[in-house]
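Spelled out from the first residue to the last, the chains are:
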Amino acid sequence: MAETLSRVPSAFAGLAAAGQDGHAAVSTTLVVENMHCGGCMRKVEQALAAVPGVAGARANLSSRRVSIQTPTRPATVEPFVAALKAVGFTATALADTAAAPQIAAGQDHLERLGVAGFAAANIMLLSVAVWSGHAGDMPASLQTLFHWLSALIALPAIAYAGQPFFASARRALAAGSLNMDVPISLGVTLATAMSLFQTIRGSEQVYFDAAITLLFFLLIGRALDQYVRGKAASAAENLLGLRSPVTSVVGPDGRVERVSTSAMVAGMRIVIAAGERVPVDARVSSGCSEIDESIITGESRPRTVAPGDRLYAGTVAVTGPIEAEATAVAENTLLAEIGRLMQTAEQARGRYVRLADRAARLYAPAVHLLGLATFVGWMLAGRGWEMSLTTAVAVLIITCPCALALAVPAVQVAATGRLFRS
């Protein structure tokens, strides 16, 4: 568990390096396929640092990516790819994707988790002193002071750390529905308000530690969920990033020029050198080579191709150069279709996920009804509104951390991400 948590920040942390002129550096991300250990990371970073114009490089082993900082946007990534190839690494460019907001959300959860953990630890120290066996010997004034110190720590921490739950609950209530964040927000808010009220009155029944600790554990779940989803998204991006960003195109006059793969159309003649990736789906028109199609078929043994054979984007020409005719644009290749199918699979809901969603829809109203019934029952028993409300809040807090609404979607996303990487 500790190892997992220690790796979480590296998965979400952005690289904000400064350029040599004091301005923010431009970041370019490459996917490095055969980076497997810490030694590989050092080699990758050292090789890129030696490239002229590179201000810094930072490799991420878990996502197999390296971020390169340069003062200006580089015209091409080929110098970086060549530098890594010279030290034995295969790299391709990774374009910016829609995963950036998800990464930012993960970083936001980590920051709120840190605030909640720091506040919970400090409030717990004060609570131990108040609730220990020697509490009866503590002067009432000192006990009240500890409660106010707990309130000063808890109130801003809860207001900041609980924003993801509060905002989600507001959106659900505004839409006239309930979700799992509504009982969470209600329980935390009532526990905090009740504790503040009891602190003002000088009572002993103060539970700031319970409210902030609940948020701390819930944020651990949210942060891990974001981490799992980020890993699945990065696997998808890594696969789609294996498409070659530029292509050698043979013009009508026979001259070969490098053009962007995104600008290609079906029917163009392309030249694929030994060691290069096939940029788009194509058909061999001349030449003979062995093609590594492990990314498509999983077969490690290269396939020999000759004129008339099909080529697929993302595969690698192992031996001689070949000339081919493009049969599909970049977005209609087999590799792109695999990516779209897997993204659809990540977004789709399986049978057990749908079952969990139905249970969650019933769970939130049931929790509120149970809390209300508890309050009414204790009131009818003559225990007073304070005791009744405290017991109802306890019911809400105990029923808040529902694994059903978190574990099933996270497992599905993790499974699709694992399938994608395979």
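Nothing here was measured: the structure is a model prediction, and the numbers come from that model.

Participant: Give a description of the environment of M194 that names residues and reports values.
Facilitator: Looking at the secondary structure, you find M194 in helix α7 (residues 181-201). What makes M194 buried here is its relative accessible area of 8%. In this structure the C-alpha to C-alpha distance between M194 and Q205, which are 11 residues apart in sequence, comes to 8.8 Å. Beyond its immediate sequence surroundings of up to four residues, M194 is in contact with W385, E386, L389 and T390.

Participant: Could you give me a rundown of the packing of aromatic side chains, with the residues and numbers involved?
Facilitator: Applying the stated criterion across every chain yields a total of 2 aromatic pairs. Arranged with centres 5.7 Å apart and planes meeting at 55°, the rings of F197 and W385 form a pair that is tilted. Residue F197 is located in helix α7, and its partner W385 is located in helix α12 (residues 384-399); the two are separated by 188 residues in the primary sequence. Here F216 and F217 contribute two aromatic rings whose centre-to-centre distance is 5.4 Å and whose plane-to-plane angle is 65°, an arrangement assigned as edge-to-face.

Participant: Mind laying out the confidence of the model for the chain, listing which residues take part and the relevant values?
Facilitator: The predicted structure's coordinates, where accompanied by low pLDDT, should not be read in detail. Here the chain averages 77 in pLDDT, while 74% of its residues score no lower than 70. Here residues 1-24 scores under 50 on pLDDT; set against residues more than four positions off or in separate chains, the count is 30 contacts.

Participant: Go over a nonpolar patch on the surface, please, and point to the residues and values.
Facilitator: A surface patch of nonpolar side chains, amounting to about 350 Å² of accessible area, comprises L142, L145, L149 and L152. You can see L152 is positioned in helix α5 (residues 140-161). With a relative accessible area of 62%, L152 lands in the exposed category.

Participant: Give a detailed account of the packing of α5 against helix α6 (residues 163-174), specifying residues and quantitative values.
Facilitator: Where α5 meets α6, the axes come as close as 5 Å, and the angle between the chain directions of the two elements is 55°. Here α6 runs oblique to α5, going by the angle between their axes. In contact with I158, A159, Y160 and A161 of α5, α6 contributes Q163, P164, F165 and F166. Considering only residue class, the contact of α5 with α6 consists of 7 nonpolar, 1 polar and no charged.

Participant: Go over the pairing of strand β13 (residues 322-326), please, and point to the residues and values.
Facilitator: Taken across its 5 residues, β13 has 4 buried, putting it largely inside the fold. One ladder, built from 4 bridges, connects strand β7 (residues 269-272) with β13; its direction is antiparallel. Among the inter-strand pairings, R269 is bridged to a residue of β13, identified as E325. Direction of pairing for strand β8 (residues 282-286) relative to β13: antiparallel, over a ladder of 4 bridges. Across the sheet, S286 pairs through a bridge with E323, a residue of β13.

Participant: Which residues make up the nonpolar core, and what are the values?
Facilitator: Side chains of nonpolar character tend, in soluble globular proteins, to be buried together. Among the nonpolar cores identified, the biggest contains 28 residues, and I158, V188 and I212 are the most heavily contacted of them. Elements that contribute at least two residues to this core include exactly α4 (100-131), α5, α6, α7, α8 (208-240) and α12. It is α8 that contributes the most residues to this core, 9 residues altogether. Not counting residues up to four positions away in its chain, the partners in contact with I212 are A116, A119, A120, I123, A157 and I158. Counting residues in hydrophobic clusters, the runner-up holds 21 residues, among them M41, V51, F80 and A93.

About the thresholds
- Residues numbered from 1 in each chain as written.
- Predicted model: local features only at pLDDT ≥ 70, side-chain atom pairs only at ≥ 80, totals over all residues.
- Heavy atoms only, no water.
- Helix = DSSP H or I, 4+ residues; strand = E, 2+ residues; numbered from the N terminus.
- Buried < 20%, exposed > 50% of the residue type's maximum accessible area, 1.4 Å probe, protein only.
- Contact = heavy atoms within 4.5 Å.
- Phe/Tyr/Trp six-rings, centres within 6.5 Å; stacked < 30°, edge-to-face > 60°.
- pLDDT = per-residue confidence, 0-100.
- Patch = residues over 30% accessible without salt bridge, like charges linked within 9 Å, V, L, I, M, F, W, Y side chains within 5 Å.
- Areas by Shrake-Rupley, 256 points an atom, 1.4 Å probe, with all protein chains shown as cover.
- Salt bridge = Lys/Arg side-chain N within 4 Å of Asp/Glu carboxyl O.
- Axes fitted to C-alpha atoms, helices over the stretch in contact; angles between N-to-C directions.
- Parallel < 35°, antiparallel > 145°, perpendicular 65-115°, else oblique.
- Nonpolar A, V, L, I, M, F, W, Y, C, P; charged D, E, K, R; others polar.
- Pairing = 2+ DSSP bridges.
- Core = buried A, V, L, I, M, F, W, Y, C linked by side-chain atoms within 4.5 Å.

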